[in-house]
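The lines below spell out each chain.
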Amino acid sequence: MNITVYGGGFLGKLIATELNATLDDRHISSQADLEGSSTIPDIIINAAGKTGRPNVDWCEDHKDETYAANVTLVKIFAEHAKKHHIKLVHLSSGCIYEGDNNGKGFSEDDAPNFAGSYYSYTKAEAERILKDYDNVLVVRPRMPITATPTPRNLLNKLLGYQKVIVIPNSITVIEDLLPSLSGLIGAEATGTFNFVNPEPVTHKDILELYEKHSGKKLGKTYISAAELVVKAPRSNTILRADKLRDSGFPMRHTMESLDAIIKRYVELERSAD
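Residues numbered from 1 in each chain as written. Predicted model: local features only at pLDDT ≥ 70, side-chain atom pairs only at ≥ 80, totals over all residues. Heavy atoms only, no water.

As recorded by an unreviewed UniProt entry, the protein chain carries the name dTDP-4-dehydrorhamnose reductase. If you open the UniProt record of the protein chain and go to Sequence similarities (unreviewed entry), you find "Belongs to the dTDP-4-dehydrorhamnose reductase family." A UniProt comment under Function (unreviewed entry) is attached to the protein chain, and it reads "Catalyzes the reduction of dTDP-6-deoxy-L-lyxo-4-hexulose to yield dTDP-L-rhamnose." (UniProt positions renumbered as here; feature names shortened; annotations may be inferred.)

As structure tokens, this is what we get:
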């Protein structure tokens, strides 16, 4: 199976390695940019897009760039895949929801209910566009965390904050996402999947695991979401993982997985010192 991953960011590189795929990090602005190769892949994976640096507040001041990368580019990929009768895998986001849906969590069939940040608005808009195509697998990760220290890692971000909110959230352990995604692609799945570990956790839960494995006391100040001062409101939400479980490619229980990857994170930290 010939796969090309577009986007040279944190997650795109990991997916390309996991799937033994070609990584294309060119700037794509039209379908013509995709027609240069003599070989059309069986699958294209859109891992490009703007999340903002250092965070999604960037998108509030760069709306044209954000829309082009998160919406216009998605349409380009979708039309290219349709033209060549190939499959598109699109990396969306679970940050298009807010809340816990009256304790039930949000399923893939629930309409997005959060547009408080421009980033979240564009991710929901892209999903609306993709509903018109039947050859698409939409992947919704949320707050990616991994054993590898990197600025895009949720754990890195939390360690850099003095004030940390305490509210249950769905998260995505990358070490679980990669084999599950590989399995779904191999099964030729289409449709939308919440790629989150089964149980929500708080940021405090994550940092306490870090304290446990590192032996450090972090001295963080834990606050409510209402106390967080940011340019754009943040999504705090719980997503259901039933569909991914029922597909036969579930992700591990959240705390079990977190314990393992945070232990490894601390080991890598120590070896780098």
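The rest of the description comes next.
### A word on the overall build of the protein chain
When you go through the protein chain residue by residue, the secondary structure sums to nine helices and ten strands. In the protein chain, which comprises 273 residues, the share counted as buried stands at 49%. The long-range share in the protein chain, meaning contacts at least 24 apart out of those at least 6 apart in sequence, stands at 79%. With the model as given, the accessible surface of the protein chain reaches about 12,700 Å², and the carbon-plus-sulfur share is 49%. (Helix = DSSP H or I, 4+ residues; strand = E, 2+ residues; numbered from the N terminus. Buried < 20%, exposed > 50% of the residue type's maximum accessible area, 1.4 Å probe, protein only. Contact = heavy atoms within 4.5 Å. Areas by Shrake-Rupley, 256 points an atom, 1.4 Å probe, with all protein chains shown as cover.)

### Structural notes on the packing of aromatic side chains
The geometry of an aromatic ring pair is captured by the separation of the ring centres together with the interplanar angle, meaning the angle of the planes. Enumeration over the complete set of coordinates arrives at four aromatic pairs. When the ring of Tyr6 is compared with that of Phe77, the centres are 5.0 Å apart and the planes differ by 45°; the resulting orientation is tilted. Taken together, the residues span a long stretch of sequence, with Tyr6 in strand 1 (residues 3-6) and Phe77 in helix 3 (residues 63-84) at a distance of 71 residues. The class for Tyr6 is buried, based on a relative accessible area of 6%. (Phe/Tyr/Trp six-rings, centres within 6.5 Å; stacked < 30°, edge-to-face > 60°.)

### Concerning the nonpolar core
If you look at the biggest cluster of nonpolar residues, it comprises 25 residues, and the most contacted ones within it are Ile15, Ile45, Val89, Leu137, Leu181, Ile185 and Phe195. Going through the elements one at a time, strand 1, helix 1 (10-19), strand 3 (43-46), strand 4 (87-91), strand 5 (136-140) and helix 6 (174-186) are the ones with two or more residues in this core. Looking at this core, the element that brings in the most residues is helix 6, giving six residues. Discounting residues that sit within four places of it in the chain, Leu137 has contacts with Lys87, Leu88, Val89, His90, Leu181, Leu184, Ile185, Ala189, Thr190, Gly191 and Phe193. (Core = buried A, V, L, I, M, F, W, Y, C linked by side-chain atoms within 4.5 Å.)

### Section: the sheet that holds strand 2 (residues 22-24)
As summarised here, the arrangement of the six strands in space is 2-1-3-4-5-9, forming an open sheet in which the pairing is parallel. Of all the strands in the sheet, just strand 2 and strand 9 (191-194) have a single pairing partner and so form its edges. The mean inter-strand angle of the sheet, taken between neighbouring strand axes irrespective of direction, is 20°. Of the pairings in the sheet, the one linking strand 4 to strand 5 comprises four bridges and is parallel in character. (Pairing = 2+ DSSP bridges. Axes fitted to C-alpha atoms, helices over the stretch in contact; angles between N-to-C directions.)

### Re unusual backbone geometry
At Asn102, a residue that is not glycine, the phi angle is positive and equals roughly 55°. Among the residues examined, Asn102 registers a relative accessible area of 75% and is labelled exposed. Phi at Met143 takes a positive value of approximately 50°, unusual for a residue other than glycine. By relative accessible area, which is 18% here, Met143 ends up buried.

### Quick look at the side chain of Arg142
Among the secondary structure elements, Arg142 is positioned in the loop between strand 5 and strand 6 (144-145). Although Arg142 is buried, it makes no salt bridge; Glu98 carries the closest opposite charge, 6.4 Å away. Only 3.0 Å separates the side chain of Arg142 from the side chain of Asn169, close enough to count as a polar contact. Within the local environment of Arg142, its side chain forms a polar contact with the backbone oxygen of Ser170, the two atoms lying 2.9 Å apart. Ignoring sequence-local partners within four residues, the contact set of Arg142 consists of Gly94, Cys95, Asn169, Ser170, Ile171, Thr172, Phe195, Val196, Ser235, Asn236, Thr237 and Leu239. (Lys, Arg positive; Asp, Glu negative; His and termini not counted. Salt bridge = Lys/Arg side-chain N within 4 Å of Asp/Glu carboxyl O. Polar contact = N/O pair within 3.5 Å; in protein donor to acceptor, adjacent residues only side chain to side chain.)

### A word on helix 3
Taking 1.5 Å of rise per residue, 22 residues should cover 32 Å, and helix 3 covers 31 Å from first to last C-alpha, within 8% of that figure. The largest bend in helix 3 is about 30°, located at Ala69. Of the residues making up helix 3, those classed as buried are Thr66, Ala69, Asn70, Val71, Leu73, Val74, Ile76, Phe77, Ala78, His80 and Ala81. Here the buried face of helix 3 lies against strand 1, strand 3, helix 2 (57-61), strand 4 and helix 4 (118-130). Just beyond helix 3, the residue with positive phi is His85, at close to 55°. (Expected span 1.5 Å × (residues − 1). Bend = angle between axes of the 7 residues up to and from the residue.)

### Details of the packing of helix 1 against helix 6
Across the interface, helix 1 lies against helix 6 with an axial gap of 10 Å and an inter-helix angle of 55°. Compared by their axis directions, helix 1 and helix 6 come out oblique. The chirality of how helix 1 crosses helix 6 is right-handed. Side by side, helix 1 and helix 6 meet where Phe10, Leu11, Leu14, Ile15, Glu18 and Leu19 of the first sit next to Ile174, Leu178, Pro179, Leu181, Ser182 and Ile185 of the second. In terms of residue class, the contact of helix 1 with helix 6 is built from ten nonpolar, one polar and one charged. (Parallel < 35°, antiparallel > 145°, perpendicular 65-115°, else oblique. Left-handed = near helix turned anticlockwise from the far one by under 90°. Nonpolar A, V, L, I, M, F, W, Y, C, P; charged D, E, K, R; others polar.)

### Quick look at the pattern of salt bridges
Using the criterion set out here, one finds twelve salt bridges in the structure. Of the charged contacts in the structure, one is a salt bridge between Arg234 and Asp57, with a shortest N-O distance of 2.8 Å. Here Asp57 lies in helix 2 and Arg234 lies in the loop between strand 10 (221-223) and helix 8 (242-246), a separation of 177 residues in the sequence. As a salt-bridge pair, Lys75 and Glu79 come within 3.8 Å of each other at their nearest N and O atoms. Taken together, the residues Lys75 and Glu79, both in helix 3 and four residues apart, mark about one turn of the helix. Exposure remark for Lys75: the relative accessible area of 37% places this residue in the partly exposed category. When salt bridges that share partners are traced, they join Arg240, Asp242, Arg245 and Asp246 into one network.

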